[in-house]
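Report on the structure
Read off the chains here:
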Amino acid sequence: MQAFETANMEWTKIGTQIWSAKNLDVDTFRNGDSIPQVTANEEWEKVCLAKQPAWCYYNNDPANDSAYGKLYNWYAVNDPRGLAPSGWHVASNEEWKLLTEFLGGSLVAGKKLKSKQGWERDGNGSNETNFSALPAGERHGDGEFSSLGSLTAWYTSSEHLREYAWEYYMYYFDDHLRTSHIRKNGGFSVRCVRD
């Protein structure tokens, strides 16, 4: 498989789907409105309690943007103004399920999605899909950051009950692509699928 770029979006075809080949790194919604950047831990908590959209760099360091993209709360993911660029949408739980099944199931999908370098303790993958997943870490609901180098997690566009959303995530120590539901106040990466 090969990664391509069109309209400022690198992409790769996996099965019948076309996925973004990097984590999203926009700071405006599709209509041009700015998405608030939130750095302070207390402000992150406050914004999420108010169910307002927010993004940040890992550890509030812009140097992390080029490799890892931005981290978003779920209120940015689900905002009606559209987080994904025109022609794209944030991947749903069903689309992640389809990807996982195409790659042979959750126990082996992670290795095919992980980049060939960048994961701690040689937890790298084969990147045969050109998905190029890097361990972008996460931001917790209290605003604290963790797991850069060892974990990557993506919000889906799919809600689970009122306070939770579906996520997909991978650790450095195995090839498993996991899924779970998590509170909407975290900061996670986002991947898009072409419309």
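This text follows the structure it describes.
Residues numbered from 1 in each chain as written. Predicted model: local features only at pLDDT ≥ 70, side-chain atom pairs only at ≥ 80, totals over all residues. Heavy atoms only, no water.

1. Some points on the state of the cysteines
To keep things clear, this is the line we draw: Only a pair of cysteine sulfur atoms within 2.5 Å counts as a disulfide in this structure description.
Per the counting criterion, the structure on display carries 0 disulfides. Left without a disulfide partner, Cys56 is nearest to the cysteine sulfur of Cys48, which lies 9.2 Å away. Free cysteine: Cys192, not disulfide-bonded; nearest cysteine sulfur from Cys56 at 17 Å.

2. Here we look at the nonpolar core
For the record, the criterion: Definition of nonpolar core: a set of buried residues of the types Ala, Val, Leu, Ile, Met, Phe, Trp, Tyr and Cys, connected through side-chain atoms within 4.5 Å. A simple rule labels every residue: compare its accessible area, found with a 1.4 Å probe on the protein chains alone, to the largest value its type can have, and call it buried under 20%, exposed over 50%, or partly exposed in between. Helix numbers and strand numbers start at the N terminus; a helix is a DSSP run of H or I with at least 4 residues, a strand a run of E with at least 2. Every residue pair with non-hydrogen atoms within 4.5 Å of one another is taken to be in contact.
Judged by nonpolar contacts, the single largest core of 25 residues is most densely connected at Leu24, Tyr72, Val77, Leu83 and Val190. For this core, the secondary structure elements donating two or more residues are strand E2 (9-14), helix H3 (74-77), strand E6 (88-90), strand E9 (151-160) and strand E10 (164-171). With residues up to four places along the chain from it excluded, the contact list for Val190 reads Asn23, Leu24, Tyr72, Val77, Leu83, Val90 and Trp154. Core analysis: the next-biggest nonpolar cluster, separate from the first, contains 17 residues, Leu99, Ala133, Tyr168 and Tyr172 among them.

3. Comments concerning the packing of aromatic side chains
To keep things clear, this is the line we draw: In this analysis, rings of Phe, Tyr and Trp, with Trp reduced to its six-membered ring, are considered paired at centre separations within 6.5 Å, and the interplanar angle assigns stacked below 30 degrees, edge-to-face beyond 60, and tilted for intermediate values. For a lysine, the NZ atom is tested; for an arginine, the CZ atom; a charge sits over a ring if that atom is within 6 Å of the ring centre and within 35 degrees of the ring normal.
Going through the model one piece at a time under the given rule, you end up with 12 aromatic pairs. Aromatic pair Tyr155 and Phe188: ring centres 4.7 Å apart, planes at 80°, arrangement edge-to-face. Taken as a pair, Tyr155 in strand E9 and Phe188 in the loop between strand E11 (178-183) and strand E12 (192-194) lie far apart in primary sequence, 33 residues in all. Accessibility assignment for this pair places Tyr155 and Phe188 in one class, buried. Among the aromatic side chains, those forming a connected cluster through ring pairs are Trp19, Trp96, Phe131, Trp154 and Tyr168. When the ring centre of Tyr164 is taken as reference, the NZ or CZ atom of Arg183 above it lies at 5.4 Å.

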